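# Structural overview
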Amino acid sequence: MQGGDGVVVGLGGGGGGEEEQVVNPWEVSAKDGGKIDYDKLIEKFGCQRLDDSLIRRVERLTSRTAHVFLRRGVFFAHRDFNEILDVYEKGEKFYLYTGRGPSSEALHLGHLIPFMFTKYLQDAFKVPLVIQLTDDEKCMWKNLSVEESQRLARENAKDIIACGFDVTRTFIFSDFDYVGGAFYKNMVKVAKCVTFNKVVGIFGFTPEDHIGKISFPPVQAVPSFPSSFPHLFAGKDNLRCLIPCAIDQDPYFRMTRDVAPRLGYQKPALIESSFFPALQGENGKMSASDPNSAIYVTDTAKDIKTKINRYAFSGGQDSIENHRKYGANLEVDIPIKYLGFFLEDDDELEHIRKEYGSGRMLTGEVKKRLIEVLTELVERHRKARAAVTDEMVDAFMAVRPFHICLLKDSKS
């Protein structure tokens, strides 16, 4: 199978023999519990690796240091991100689109990553943002009631708002509340372009799946098109869209990019992240069904300390003597990986890696530093979320136009 737009590709989708790894919007796993091979994903999906030249270009265009997630390769792949930068360099705008499937009361740190990065992009490029809450998807996939899905969407919206988004540049919408009008017209246009065989090939649907699942992909596709939001982007049908997301969402947007030119629309660009590993090891992404596999934004300082000390997989040796002699295996050490996501100071991280890898620093010392970093992060988020009122949620979800200056030149 080949990657690229217009080609049906699915790791773990639609028949064939046993796959080495399964990566789709609903399942992420590697054979025999191994690590996800991101080079193979890039090859299979047909996207491009995000290289240093693009990162340096982002820094030059935004006049700020690249986000830690860019500098350290958390966001590692893209589709046409270079074209988005071309547009911006010409003084034109684009808009951001990301989302959340609200299936649980509380978010874990892995859920926060795309929103932390999207906030950086919004601040750095000063562009509008739409955030889709796919409460309809979770109602169908998680067997939640419509009412419970809607309630969870509003609760998750509070966590998203707590990340610090600018209400004058951000529209958060729930599918149950917003779908209709121009948005629904675009859904129908997309649906007419995608055959049943193609959607099975991309997403791996089976005869046992109900038709709600099969009909859902256009719902996630059309926020990529500015004409789906006439109250925001009237007369701006050629506005480009950039989607920050985890790479398991790529199948939706391969489909979207295939369809877009046939509808006379611009293809959305993507910038894609790797998965945040479970505390027990790097074997895919964290599981909401196992609370000890993740750090949640509702965890107390005591919870965080217990989880890190008890469950975070260590690459240290089995005795202090051996550890001093051989050092830690940084490739499998979860505390080091978590620090790579959340410790801002590059010099401190490099120092810890060097000392720990040589055996001069012990596992307990690394875990202690991680506990400090995560406790501060979670506490900061908890305070910000506590300040989010229902009126603030209503303001972010209100159907209102963005200020026109957002769509003028890059200096506005």
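- Looking at an unreviewed UniProt entry, one finds the protein chain named Tryptophan--tRNA ligase, cytoplasmic, with Acorus calamus as its source organism.
- Looking at the protein chain in UniProt, the text filed under Sequence similarities (unreviewed entry) is "Belongs to the class-I aminoacyl-tRNA synthetase family."
- In the Subcellular location (unreviewed entry) part of its UniProt record, the protein chain is described as follows: "Cytoplasm".

## Looking at the confidence of the model for the protein chain
- The predicted model of the protein chain averages 89 in pLDDT, with 91% of residues at 70 or higher.
- Confidence over residues 1-17 falls short of pLDDT 50; this stretch has 45 contacts with residues more than four positions distant or in other chains.

## A look at the environment of Tyr338
- Position of Tyr338 among the secondary structure elements: in helix α17 (residues 334-342).
- Given a relative accessible area of 0%, Tyr338 falls into the buried group.
- Placed 24 residues apart in sequence, Tyr338 and Ser314 show a C-alpha to C-alpha distance of 12 Å.
- Separated by 2.7 Å, the side chain of Tyr338 and the backbone oxygen of Pro277 make a polar contact.

## Structural notes on a nonpolar patch on the surface
- There is a patch of nonpolar side chains on the surface, built from Val179, Tyr184 and Val188 and spanning about 240 Å² of accessible area.
- Mapped onto the fold, Val179 is located in the loop between α8 (175-178) and α9 (181-193).
- Given the relative accessible area of 30%, Val179 is considered partly exposed.

## A look at the layout of surface pockets
- The calculated volume of the second largest pocket comes to roughly 760 Å³.
- As for the second largest pocket, its lining consists of 27 residues, of which Arg72, Gly73, Val74, Lys337 and Phe341 are closest to the centre.
- When residues of the lining of the second largest pocket are traced back to their parent elements, those giving at least two are α2 (52-62), β4 (75-79), α17 and α18 (346-358).
- Tallied by class, residues from the lining of the second largest pocket come to 14 nonpolar, 3 polar and 10 charged.

## Quick look at the nonpolar core
- In terms of nonpolar packing, the biggest core is built from 73 residues, with Leu70 and Phe342 touching the most fellow members.
- The element that contributes the greatest number of residues to this core is helix α5 (residues 109-125), accounting for 9 residues.
- Excluding its chain neighbours within four sequence positions, the residues that come into contact with Phe342 are Phe69, Leu109, Ile113, Met116, Phe276, Val373, Leu374 and Leu377.
- Ranked by size, the runner-up nonpolar core spans 37 residues in total, among them Tyr97, Met187, Val200 and Phe253.

## Description of the sheet that holds β4
- In spatial order, the strands read β3-β4-β9-β8-β5-β6-β7; together these 7 strands make up an open sheet with mixed pairing. The sheet is open, and its two edges are formed by β3 (48-49) and β7 (170-174), each paired on a single side.
- Here β3 runs beside β4; their pairing, made up of 2 bridges, is antiparallel. By the bridge assignment for β4, Arg49 is matched with Ala77.
- Here helix α14 (residues 250-259) sits on the sheet in contact with β4, β5 (94-100), β8 (240-246) and β9 (269-273), set at roughly 165° to β9.

## Comments concerning the pairing of strand β2 (residues 27-30)
- Side chains Val28 and Ala30 of β2 all project onto a buried face; the interleaved residues Glu27 and Ser29 project onto a face where none is buried.
- With 4 bridges joining them, strand β1 (residues 21-24) and β2 adopt antiparallel strand pairing. By the bridge assignment for β2, Val22 is matched with Ser29.
- Joining the antiparallel neighbours β1 and β2 is a turn of 2 residues.

How each quantity is defined
- Residues numbered from 1 in each chain as written.
- Predicted model: local features only at pLDDT ≥ 70, side-chain atom pairs only at ≥ 80, totals over all residues.
- Heavy atoms only, no water.
- UniProt positions renumbered as here; feature names shortened; annotations may be inferred.
- pLDDT = per-residue confidence, 0-100.
- Contact = heavy atoms within 4.5 Å.
- Helix = DSSP H or I, 4+ residues; strand = E, 2+ residues; numbered from the N terminus.
- Buried < 20%, exposed > 50% of the residue type's maximum accessible area, 1.4 Å probe, protein only.
- Polar contact = N/O pair within 3.5 Å; in protein donor to acceptor, adjacent residues only side chain to side chain.
- Patch = residues over 30% accessible without salt bridge, like charges linked within 9 Å, V, L, I, M, F, W, Y side chains within 5 Å.
- Areas by Shrake-Rupley, 256 points an atom, 1.4 Å probe, with all protein chains shown as cover.
- Salt bridge = Lys/Arg side-chain N within 4 Å of Asp/Glu carboxyl O.
- 1 Å grid on protein atoms, 1.4 Å probe; cavity = no way out; pocket = protein on both sides within 12 Å on 5 of 7 lines; lining within 4 Å.
- Points joined across faces, edges and corners; volume = space filled by probe spheres on them.
- Nonpolar A, V, L, I, M, F, W, Y, C, P; charged D, E, K, R; others polar.
- Core = buried A, V, L, I, M, F, W, Y, C linked by side-chain atoms within 4.5 Å.
- Pairing = 2+ DSSP bridges.
- Axes fitted to C-alpha atoms, helices over the stretch in contact; angles between N-to-C directions.

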